[in-house]
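Commentary on secondary and tertiary structure
This is what each chain is made of:
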Amino acid sequence: MKEFHSHTIGTAPEGFHGTIVAERNFGSMSILASLRWSLVVIFVWFGCMKFTGYEAQGIAPLIANSPVMSWMHKLFGIEGASWAIGVLELSTAAALTVGAFVPLLSALGATMSTATYLITLTFFISTPGVFEPSLGGFPAISAGTGQFILKDLVLLAASVTLLLASRARLPK
């Protein structure tokens, strides 16, 4: 079994001793860096798009039909909800980026990313048009909405992998 090496910046808070980041390790953990940087690109890109009217209108049906997020339209309106989500997505990208150097932020960014994809996968159940009626409905998914949402499954897996890796304990 390969030995993991951790180099942390500063002193870790109680309960976070041994928290690691892929970029500061050798061996099998270092390959997880590609997951982090892929997620950063996605969160920056999607986060910036949330500040456009095009994207706000595009995600409006997903939010409106979501039992988890529909309150956002009532509180912020369609564009305001999109902007709020954009801020959260850019914050997730920032936490993941700084998390390459600060283990605690690695865990925070991965937690935020995991929460994002857990929420978006609920759209699979709550959004009309996910299942293709011309093919008999479930399990056939639509080319647009259904396939767009289903890709979040692999993004959730990447997020959970980073989260679990960031909390891995180092051998004594």
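As the structure is a computational prediction, the values presented were derived from the model and not from experiment. (Residues numbered from 1 in each chain as written. Predicted model: local features only at pLDDT ≥ 70, side-chain atom pairs only at ≥ 80, totals over all residues. Heavy atoms only, no water.)

Observations regarding the nonpolar core
Short version of the rule: Side-chain atoms within 4.5 Å link the members of a nonpolar core, which is a set of buried Ala, Val, Leu, Ile, Met, Phe, Trp, Tyr and Cys residues. Any residue under 20% of the maximum accessible area for its type is buried, any over 50% is exposed, and the rest in between are partly exposed; the area is computed with a 1.4 Å probe on protein chains only. Helix and strand assignments follow DSSP, with helices taken as H or I runs no shorter than four residues and strands as E runs no shorter than two, numbered in order from the N terminus. Whether two residues are in contact is decided by their heavy atoms, any of which lying within 4.5 Å being enough.
Of all hydrophobic cores here, the largest spans 25 residues; its most connected members are Leu-39, Ile-63 and Ile-149. At the level of secondary structure, the elements contributing two or more residues to this core comprise helix 1 (33-49), helix 2 (53-64), helix 3 (71-98), helix 4 (103-126) and helix 6 (152-166). If we ignore the near neighbours within four places in the chain, the residues touching Ile-149 are Leu-62, Thr-120, Leu-121, Phe-123, Phe-124 and Val-130.

Regarding the environment of Pro-103
Turning to its location among the elements, Pro-103 is positioned in helix 4. With 63 residues separating them in the primary sequence, Pro-103 and Ser-166 have C-alpha atoms 6.8 Å apart.

Thoughts on the packing of helix 2 against helix 3
Filter applied, for reference: To get an axis, fit a line to the C-alpha atoms, keeping to the stretch in contact for a helix; angles then go from 0 to 180 degrees between the N-to-C directions. Each angle receives one of four descriptions, namely roughly parallel if under 35 degrees, roughly antiparallel if over 145, roughly perpendicular if within 65 to 115, and oblique otherwise. Crossing chirality is assigned from the near helix's rotation relative to the far helix, an anticlockwise turn below a right angle marking it left-handed and a clockwise turn marking it right-handed. Under the scheme applied, nonpolar residues are Ala, Val, Leu, Ile, Met, Phe, Trp, Tyr, Cys and Pro; charged residues are Asp, Glu, Lys and Arg; polar residues are all the others, including Gly.
At a minimum axis separation of 9 Å, helix 2 and helix 3 run at an interaxial angle of 130 degrees. As the angle between them shows, helix 2 and helix 3 are arranged oblique. For the pair helix 2 and helix 3, the sense of crossing is right-handed. Here Gly-53, Glu-55, Ala-56, Gln-57, Ile-59, Ala-60, Ile-63 and Ala-64 of helix 2 lie close against helix 3, whose contacting residues are Met-72, His-73, Ile-78, Glu-79, Ala-81, Ser-82 and Ile-85. For the contact of helix 2 with helix 3, a count of residues per class yields nine nonpolar, four polar and two charged.

Structural notes on the side chain of Glu-55
Tracing the backbone through its elements, the reader meets Glu-55 in helix 2. Note on Glu-55: relative accessible area 16%, which makes it buried. Among all residues touching Glu-55, those that are not within four sequence positions of it are Met-49, Lys-50 and Ser-82.

Details of the packing of aromatic side chains
The condition that has to hold: Stacked, tilted and edge-to-face are the three classes applied to pairs of Phe, Tyr and Trp rings, where Trp contributes its six-membered ring and a pair requires centres within 6.5 Å; stacked means planes under 30 degrees apart, edge-to-face means over 60, and tilted covers the rest.
Summed over the entire model, instances satisfying the criterion amount to four aromatic pairs. Taken together, a centroid distance of 5.4 Å and an interplanar angle of 90 degrees make the contact between Phe-124 and Phe-131 edge-to-face. On the basis of relative accessible area, Phe-124 is assigned to the buried category, the value being 18%. Look at Phe-131 and you get partly exposed, because its relative accessible area is 27%.

Re unusual backbone geometry
Cis geometry marks the peptide bond from Phe-138 to Pro-139, where omega comes out at 10 degrees. Here Pro-139 shows up in the loop between helix 4 and helix 5 (145-150).

Brief notes about the environment of Ala-81
Within the element layout of this structure, Ala-81 appears in helix 3. Overall, the relative accessible area of 0% leaves Ala-81 in the buried class.

Regarding the side chain of Ser-82
Among the secondary structure elements, Ser-82 is positioned in helix 3. By relative accessible area, Ser-82 is classed as buried at 0%. Apart from residues no more than four positions distant in its own chain, Ser-82 is found in contact with Lys-50, Glu-55, Ala-56 and Ile-59.

Looking at helix 6
Residues spaced three or four apart along an α-helix point in a common direction, a consequence of the helix completing one turn every 3.6 residues. Threshold: Each residue after the first adds 1.5 Å to the expected span of a helix.
Under the 1.5 Å per step criterion, the end-to-end length of helix 6 is 21 Å for 15 residues, consistent within 8% with the ideal 21 Å. Within the span of helix 6, buried status applies to Asp-152, Leu-155, Leu-156, Ala-158, Ser-159, Leu-162, Ala-165 and Ser-166. The inward-facing, buried residues of helix 6 abut helix 1, helix 3, helix 4 and helix 5.

Quick notes on the pattern of salt bridges
Formally: For salt bridges, the criterion is a side-chain nitrogen of Lys or Arg within 4 Å of an Asp or Glu carboxyl oxygen.
One pass over the full model with this rule turns up three salt bridges. Its salt-bridge partner being Glu-55, residue Lys-50 comes within 3.2 Å of it at the nearest N-O pair. Salt-bridge contacts for Asp-152 lead to Lys-151; the nearest nitrogen and oxygen are separated by 2.4 Å. Residue Asp-152 is classed as buried on the basis of its relative accessible area of 4%. Residue class for Lys-151 comes out partly exposed when judged on its relative accessible area of 28%. Each member of the salt-bridge network shares a partner with another, and the members are Lys-50, Glu-55 and Glu-89.

No statement about biological role is implied by the geometric values presented.
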